[in-house]
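As a plain string of letters, each chain reads:
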Amino acid sequence: MNDPQSYPPVFRRRRQTSNGTIHVDEGGGGGGKPEEAVTTQHKSPPLEAAVPVIDLERPDVGKLREAGREWGFFRLVNHGVPEPLLEQLKTHAADFFAQPFDSKQALFSSGGDGTASYFWGTPILNSSGRTLDKSAQEINWVEAINLPLSSSQLPATCHHPSLQSFRTLVEEYGKHMGRISRTVADAMGKLASLECGDYVSEPTGIIRVYRYPQVPPQQPADGDGNNNNVVAEQETSPAPLGMQAHTDSSVVSIVLQDDQVSGLQFLKNDVWVPLEPVPNTLVVNIGDMMQAISDDEFRSVKHRVKVKKCKEDRISICYFVFPGEGQIMESSKYKPFTYREFQQQVQEDIKTLGFKVGLERFKRTIAG
Ligand SMILES: O=C(O)CCC(=O)C(=O)O
Ligand SMILES: [Fe+2]
């Protein structure tokens with residue numbers, strides 16, 4: 001158990017009322033409300049077991065096509081990232097988050113847009129990790145640091161002694177992520193007779209390091225309380241979501257999961273499928289930009305993070321890569337747009353509607 005002082009205050013103040021509803025005491029970082037209403041029970045192992053596994057050294061073209069078209073998610077093995085690097089990254093991430101909340105906040109207090117930042121509980125973020133809607137009721141049960149990989153965007157705080165070795169590891173990991181995302185996008189592009197790899201602009205790469213705090217013991221966790229394979233639970237007193245359901249705006253995203261604590265789930269045929277962690281395996285998902293340039297051949301699929309009933313925090317390290325500045329997404333199903341225009345529209349929708357509309361905004365109408 002980490003020092004309670006290491007958690008952002010909003011996660012320390014959370015209380016359960018006698019009728020089972022959960023609320024967050026005022027102050028700190030905003031209010032919370034239970035997640036979406038519940039559906040029927042569904043056991044997941046058959047679906048989860050079928051999630052495609054791609055060997056990066058010998059990618060199976062048929063499996064990759066199926067992964068892109070039918071799943072939007074796949075596991076990646078033989079990815080070439082040294083295991084010690086993965087382990088060190090996770091250890092550094094845990095050490096970083098274990099610091100007192102005030103110290104973490106102080107380290108990142110001066111960042112501007114596009115630079116490294118520390119945030120927690122935010123409902124929706126833009127690509128630099130800034131909160132888009134501070135007044136939203138729902139909070140994500142997560143704290144994070146957002147690290148753009150482009151060195152021109154590094155603020156002075158990243159050279160602070162407590163972050164220096166972490167930063168070095170992140171940079172090394174970022175190079176691997178650039179290599180993997182290009183390889184994956186190239187391979188997927190070939191399947192759709194497109195140059196998808198050209199849309200991976202490495203300087204846009206971002207690493208986001210998350211800690212999903214454990215649910216305090218007096219509170220219910222994922223509804224069923226003891227069966228982690230039940231994915232759509234009968235929830236009378238639901239736990240908060242670590243991250244609300246969303247699609248990624250990226251070309252591709254790569255998730256390094258916690259080896260011990262699960263939580264990531266994606267939607268398939270209206271069922272939430274958990275992606276249980278597998279050591280030394282990365283999870284890759286297709287982002288909105290890949291869906292657009294592939295003319296919907298490949299799918300950017302909704303996913304979320306559930307906070308599990310567990311005495312451990314969940315740490316994950318995610319990589320996102322985007323198209324370069326000014327690069328135009330051209331396809332027959334969507335009007336031409338740049339990633340910047342897409343992001344601006346997402347931010348506008350979140351401000352005015354409270355949620356991301358995403359690619360639907362850019363669909364061509366019959367009239368063109
Ligand atoms: O932490 C995870 O496992 C996934 C996070 C995620 O989906 C995101 O940051 O977009
Ligand atoms: Fe995501």
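- As recorded by an unreviewed UniProt entry, the protein chain carries the name Fe2OG dioxygenase domain-containing protein and is attributed to Linum trigynum.
- UniProt, in the comment section headed Sequence similarities (unreviewed entry), describes the protein chain in these words: "Belongs to the iron/ascorbate-dependent oxidoreductase family."

What to know about the overall build of the protein chain
Line of reasoning, step 1. Counting its secondary structure elements, the protein chain contains 8 helices and 16 strands.
Line of reasoning, step 2. Taken over 368 residues, the protein chain has a buried fraction of 41%.

Quick look at the site of ligand 1
Line of reasoning, step 1. In the vicinity of ligand 1, the residues found are Arg-208, Tyr-210, Met-243, Asp-248, Val-255, Gln-257, Leu-264, His-303, Val-305, Ser-316 and Cys-318.
Line of reasoning, step 2. At the level of elements, β7 (201–212), β13 (303–306) and β14 (314–322) are the ones that each hand at least two residues to the shell around ligand 1.
Line of reasoning, step 3. For the shell around ligand 1, the per-class residue count stands at 6 nonpolar, 3 polar and 2 charged.

Considerations on the sheet that holds strand β4 (residues 73–77)
Line of reasoning, step 1. The strand order β3-β4-β12-β9-β14-β7-β6-β5 describes an open sheet built from 8 strands, whose pairing is mixed. Each having just a single partner strand, β3 (53–55) and β5 (117–120) make up the two edges of the open sheet. Geometrically, the sheet is characterised by an average inter-axis angle of 25 degrees between neighbouring strands, direction not taken into account.
Line of reasoning, step 2. Relative to β14, helix α4 (residues 83–98) is tilted by about 110 degrees, and along the sheet it contacts β6 (143–148), β7, β9 (252–256) and β14.

Concerning the nonpolar core
Line of reasoning, step 1. In terms of nonpolar packing, the biggest core is built from 81 residues, with Ile-207, Val-251, Val-252 and Met-289 touching the most fellow members.
Line of reasoning, step 2. The element that contributes the greatest number of residues to this core is helix α6 (residues 161–191), accounting for 9 residues.
Line of reasoning, step 3. Ignoring sequence-local partners within four residues, the contact set of Val-252 consists of Ser-181, Val-184, Ala-185, Val-284, Ile-286, Gly-287, Met-290 and Val-321.

Re the environment of Arg-65
Line of reasoning, step 1. Within the secondary structure, Arg-65 sits in helix α3 (residues 61–71).
Line of reasoning, step 2. In this structure Arg-65 comes out as partly exposed when scored by C-beta crowding, with 18 C-beta atoms within 10 Å.
Line of reasoning, step 3. Between the C-alpha atoms of Arg-65 and Arg-314, which are 249 residues apart in sequence, the distance is 31 Å.

A few points about α4
Line of reasoning, step 1. The end-to-end C-alpha separation of α4 is 23 Å, in line with the 22 Å expected for 16 residues at 1.5 Å each.
Line of reasoning, step 2. Turning to α4, its buried residues are Leu-86, Leu-89, His-92, Ala-93, Phe-96 and Phe-97. All buried residues of α4 fall inside an arc of 130 degrees around its axis, so they share one side. Exposed residues on α4 whose side chains face more than 90 degrees from its buried face are Glu-83, Pro-84 and Asp-95.

Quick word on the sheet that holds strand β8 (residues 241–246)
Line of reasoning, step 1. Spatial ordering of the open sheet is given by β8-β13-β10-β11, a layout of 4 strands whose pairing is antiparallel. At either margin of the open sheet sits one strand with a lone partner, and together these are β8 and β11 (271–274). When strand polarity is set aside, the average angle formed by the axes of neighbouring strands in this sheet is 30 degrees.
Line of reasoning, step 2. By the bridge criterion, 4 bridges tie strand β10 (residues 264–268) to β11 in an arrangement that is antiparallel. Note on β11: the bridge partner recorded for Phe-266 is Val-273.

Topic: helix α8 (residues 339–352)
Line of reasoning, step 1. Between its first and last C-alpha, α8 extends 20 Å over 14 residues, near the 20 Å set by a 1.5 Å rise per residue.
Line of reasoning, step 2. Taken together, the buried positions of α8 are occupied by Tyr-339, Phe-342, Val-346 and Ile-350. When α8 is viewed along its axis, its buried side chains cluster within an angular range of 70 degrees and face the same direction. Along α8, exposed side chains directed more than 90 degrees from the buried face belong to Lys-351 and Thr-352.
Line of reasoning, step 3. The elements touched by buried residues of α8 are α7 (288–293), β14 and β16 (337–338).

Criteria and thresholds
- Residues numbered from 1 in each chain as written.
- Chains lettered and ligands numbered in written order.
- Predicted model: local features only at pLDDT ≥ 70, side-chain atom pairs only at ≥ 80, totals over all residues.
- UniProt positions renumbered as here; feature names shortened; annotations may be inferred.
- Helix = DSSP H or I, 4+ residues; strand = E, 2+ residues; numbered from the N terminus.
- Buried ≥ 20, exposed ≤ 12 C-beta atoms within 10 Å, placed from the backbone.
- Near = placed C-beta within 6 Å.
- Nonpolar A, V, L, I, M, F, W, Y, C, P; charged D, E, K, R; others polar.
- Pairing = 2+ DSSP bridges.
- Axes fitted to C-alpha atoms, helices over the stretch in contact; angles between N-to-C directions.
- Contact = placed C-beta atoms within 7 Å.
- Core = buried A, V, L, I, M, F, W, Y, C linked by C-beta atoms within 7 Å.
- Expected span 1.5 Å × (residues − 1).
- Arc of directions from axis to C-beta.

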